[in-house]
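# Chain and residue survey
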Amino acid sequence: MFRWLCHFDTKKFRPNEVKRVQISLACVFAFMAIGWPLIVYQTGVMGWIKFWLMPWLGYHFWMSTFTMVHHTAPHIPFKQSDDWNAAQAQLNGTVHCDYPSWIEILCHDINVHIPHHISPRIPSYNLRAAHQSLRENWGKYLNEATWNWRLMKTILTVCHVYSKEQNYVAFDELTPKESYPITFLKKSNA
């Protein structure tokens, strides 16, 4: 419960952001106070699960997967502030991942991710042209991958805990050998 409350602590934001955070929180809580009861009243608890909870879980799974793929790779190190370089971090601190075309259409080219780190103001319809320009001029610094189950297995089983010496340490190096999820992933993709 305490962690949940910390997430909504406005003291953790910059002073110029607090007003927007408060408006956002007011909207979320207003929807919870008004929208949820209306959904339950009109459709029952199963309607709330079907029309709100399941789409919400699906959306967060979808977006979490994209975020994880774009920002996690075994060879991408975290840098201390005295070693950090903004240009280097923007170019090779993230991953461009090619997905099947139907996913790219649904996501408005969010997979073309490196230009977003160069400038978040690049509109989605210009991401491909921006990425092509980056590839032509800075290609050796870019991280590119093609989505597949092996990539997901690597991310899920290797890239977890930061280590200055190794970039990432896998959970199975830190967890007991009988840890069920890690054992299951290793068996299912072996």
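Residues numbered from 1 in each chain as written. Predicted model: local features only at pLDDT ≥ 70, side-chain atom pairs only at ≥ 80, totals over all residues. Heavy atoms only, no water.

- In the nomenclature of an unreviewed UniProt entry, the protein is known as Fatty acid desaturase 6 of Actinidia rufa.
- The UniProt entry for the protein carries the following text under Sequence similarities (unreviewed entry): "Belongs to the fatty acid desaturase type 1 family."
- Regarding the protein, the UniProt comment filed under Subcellular location (unreviewed entry) reads as follows: "Membrane". (UniProt positions renumbered as here; feature names shortened; annotations may be inferred.)

### Considerations on the overall build of the protein
- The number of helices and strands found in the protein is eight helices and four strands.
- Put simply, the protein runs from its N terminus to its C terminus through helices and strands in the order α-α-α-β-α-α-α-β-α-β-β-α.
- With 190 residues in all, the protein has 25% of them scored as buried.
- Carbon together with sulfur atoms contributes 63% to the accessible area of the protein, which is approximately 13,800 Å² in total. (Helix = DSSP H or I, 4+ residues; strand = E, 2+ residues; numbered from the N terminus. Buried < 20%, exposed > 50% of the residue type's maximum accessible area, 1.4 Å probe, protein only. Areas by Shrake-Rupley, 256 points an atom, 1.4 Å probe, with all protein chains shown as cover.)

### A short note on unusual backbone geometry
- The backbone of histidine 108 sits at a positive phi, close to 50°, despite the residue not being glycine.
- Here histidine 108 is to be found in the loop between α4 (101-106) and α5 (114-118).

### Here's the deal with helix α2 (residues 18-71)
- The end-to-end C-alpha distance of α2, which contains 54 residues, comes to just 27 Å, noticeably less than the 80 Å that a straight helix rising 1.5 Å per residue would cover.
- Considering bend angle alone, the principal kink of α2 is centred on threonine 43 and spans about 120°.
- Considered for burial, the residues of α2 that qualify are Val18, Val21, Leu25, Gly35, Gly47, Trp48, Trp52, Thr65, Phe66, Val69 and His70. (Expected span 1.5 Å × (residues − 1). Bend = angle between axes of the 7 residues up to and from the residue.)

### Topic: the UniProt feature "transmembrane region" (unreviewed entry) in the protein
- Following the UniProt record, one finds the feature "transmembrane region" (unreviewed entry) at residues 21-39.
- Between the first and last C-alpha atoms of residues 21-39 the distance is 26 Å; the span itself is 100% helix and 0% strand.

### Let's talk about the nonpolar core
- Core analysis: the largest hydrophobic core is formed by 13 residues, its most contacted members being Phe66, Val69, Val95, Cys97, Tyr99, Ile103 and Leu151.
- Those elements giving two or more residues to this core turn out to be α2, β1 (95-98) and α7 (149-157). (Core = buried A, V, L, I, M, F, W, Y, C linked by side-chain atoms within 4.5 Å.)

### As for the pairing of strand β2 (residues 143-146)
- Covered by surrounding structure in β2 are Asn143 and Ala145 only, the residues Glu144 and Thr146 on the alternate face being uncovered.
- Two strands pair when backbone bridges link them, and β1 and β2 are joined in this way by four bridges, in the parallel orientation. Its bridge partner being in β2, aspartate 98 is matched across the sheet by threonine 146. (Pairing = 2+ DSSP bridges.)

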